[in-house]
Amino acid sequence: HMEEIRKIIHIDMDAFYASVEQRDNPELRGKPVIVGGDPHSRGVVATCSYEARAYGIHSAMPAKIAQKRCPYAIFVRPRFDVYREVSEQIRDIFHRYTDLVEPLSLDEAFLDVTNPKIPIKYATTIAKFIKRDILIETGLSASAGVSYNKFLAKLASDLDKPDGFYCILPEDLEQKVWPLSIRRMMGVGSKTAQMLEQMGVDTIGKLAHMDVGLLEHLLGKQGIQMHELSNGIDGRNVEPVRESKSVGRETTFPQDIREQYLLETILFTLADDVCHTLRSSGLKGRTVSIKIRYPDFHSITRAVTLDSYTSSFEPVFDAVRSLMA
Ligand code: TTP
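A brief look at the structure comes next. Since we're looking at a predicted model, the values are computed, not measured. (Residues numbered from 1 in each chain as written. Predicted model: local features only at pLDDT ≥ 70, side-chain atom pairs only at ≥ 80, totals over all residues. Heavy atoms only, no water.)

Description of the overall build of the protein chain
Then, in step 1: Helix and strand content of the protein chain: 13 helices and 10 strands.
Then, in step 2: In terms of overall dimensions, the protein chain is globule-like: its C-alpha atoms have a radius of gyration of 22 Å, near the 20 Å expected for 325 residues.
Then, in step 3: In terms of its C-alpha atoms, the protein chain occupies a principal-axis envelope of roughly 60 × 55 × 45 Å.
Then, in step 4: The proportion of buried residues among the 325 residues of the protein chain is 40%. (Helix = DSSP H or I, 4+ residues; strand = E, 2+ residues; numbered from the N terminus. Rg over C-alpha atoms; globule rule 2.2 N^0.38 Å. Buried < 20%, exposed > 50% of the residue type's maximum accessible area, 1.4 Å probe, protein only.)

Structure below.
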């Protein structure tokens, strides 16, 4: 029998942290605002206002570089409590329309409105209601993407930012999606993108027309999935309660640390913290990974999968230590 066509909405707040700061402090409105760490030490940009983006500033950029690009930018520290509050407000709004809500982060969620709580015929109408509710109740703007699967809904919410509204129907794939850069695809990292671009595959459309066997040969299972996504096929459901997949801790030092024993001491504390969290939440994990960031801000990760699930310090720290070595 034919599968019912689903109606999926993806909502993403615009320049989330920065918009909250501009909302709460009128002096910041209309100005380049950077939320994040200190440019005089090793702060990183969490996000920035659209005014700051005009200078080429973006998330994860060292604050020092951001300040060079825009000396008049205003730096503010994040206020996570306020962001969490707004996050709860928007989640309450989502739940007026459906309980099939899958939050991806504080400011972003998928909604399945195939059978909404309120009898509204069009998903596009619901998306507009949600945007309106968010604006009236939080004073903030969001972008909405509407489509028939998660991949396309998320893609859509990004195509008309800020205050965006974009809908992709099955018949729109060729015209609206295929001309887009493969870099817009979720799950395509810059290395994969580079490799594909070198083969001349720079758009989602070209990816859709690639031989799936070749893609599998190049990228394994991920290649098959990318081929499906680019052809508008994505069976993933909106999953209302997401179990946490990982527990982690990280820290940034005020000065570079190179001495292995010092790094081990710090990893010891971080690993101990992680194991405490695991135990107090009744969780266990099997894959241990570490991330190291170098003075030039490039980072590497290494992971190992243990034979069994654990929340005990010893096997975790053993793994951490050999990964660092
Ligand atoms: P995003 O939704 O990725 O970005 P954004 O809301 O700031 O801007 P856009 O309008 O382009 O969607 O991230 C949401 C929040 O998460 C962001 O406001 C700050 C935080 N964040 C970080 O702290 N570090 C990061 O590297 C990123 C990408 C986001």
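Points about the site of the ligand
Then, in step 1: Looking at the ligand, there are 13 residues lining it, with A15, F16, T47, Y50 and R53 nearest.
Then, in step 2: At 3.1 Å from an oxygen atom of the ligand is found a side-chain nitrogen or oxygen belonging to D12.
Then, in step 3: In this structure, M13 approaches the ligand through a main-chain N or O atom, which is 3.2 Å from an oxygen atom.
Then, in step 4: Coverage of the ligand by the protein chains reaches 67% of its 560 Å² of free accessible surface.
Then, in step 5: With respect to the pocket detection grid, the ligand is positioned in the second largest pocket.
Then, in step 6: Residue assignment for the shell around the ligand shows that the elements contributing at least two residues are β1 (8–13), α1 (16–24), β3 (45–48) and α2 (50–53).
Then, in step 7: Classifying every residue of the shell around the ligand by side-chain character gives six nonpolar, two polar and five charged. (Near = heavy atom within 4 Å. Polar contact = N/O pair within 3.5 Å; in protein donor to acceptor, adjacent residues only side chain to side chain. Areas by Shrake-Rupley, 256 points an atom, 1.4 Å probe, with all protein chains shown as cover. 1 Å grid on protein atoms, 1.4 Å probe; cavity = no way out; pocket = protein on both sides within 12 Å on 5 of 7 lines; lining within 4 Å. Sits in = over half its atoms within 2 Å of the grid points. Nonpolar A, V, L, I, M, F, W, Y, C, P; charged D, E, K, R; others polar.)

Quick notes on the sheet that holds strand β8 (residues 165–167)
Sheets are built from strands that pair by backbone hydrogen bonding, the pairs being arranged parallel or antiparallel.
Then, in step 1: The strand order across the open sheet formed by five strands is β5-β6-β1-β7-β8, and the pairing between neighbours is mixed. For this open sheet the edge positions go to β5 (101–105) and β8, each flanked by a neighbour on one side alone. The mean angle between the axes of side-by-side strands here comes to 15°, regardless of whether they run parallel or antiparallel. (Pairing = 2+ DSSP bridges. Axes fitted to C-alpha atoms, helices over the stretch in contact; angles between N-to-C directions.)

Some details on the nonpolar core
Then, in step 1: Formed by 34 residues in total, the largest nonpolar core has its most connected members in I9, I11, F16, F94, L111, I130 and I134.
Then, in step 2: Contributions of two or more residues to this core are made by β1, α1, β2 (33–36), α4 (80–97), β6 (108–112), α5 (123–138) and β7 (142–147).
Then, in step 3: Among the elements that line this core, the one with the most residues is α4, at seven residues.
Then, in step 4: Once residues lying within four places of it in the same chain are set aside, the contact partners of I130 are I11, I93, F94, Y97 and L111. (Core = buried A, V, L, I, M, F, W, Y, C linked by side-chain atoms within 4.5 Å. Contact = heavy atoms within 4.5 Å.)

Points about the layout of surface pockets
Then, in step 1: What the second largest pocket holds in volume is close to 460 Å³.
Then, in step 2: Lining of the second largest pocket is provided by 17 residues; of these, D12, F16, S105, D107 and E108 occupy positions nearest its centre.
Then, in step 3: For the lining of the second largest pocket, the elements supplying multiple residues, two or more each, are β1, α1, α2 and α4.
Then, in step 4: The class makeup of the residues in the lining of the second largest pocket is seven nonpolar, two polar and eight charged. (Points joined across faces, edges and corners; volume = space filled by probe spheres on them.)

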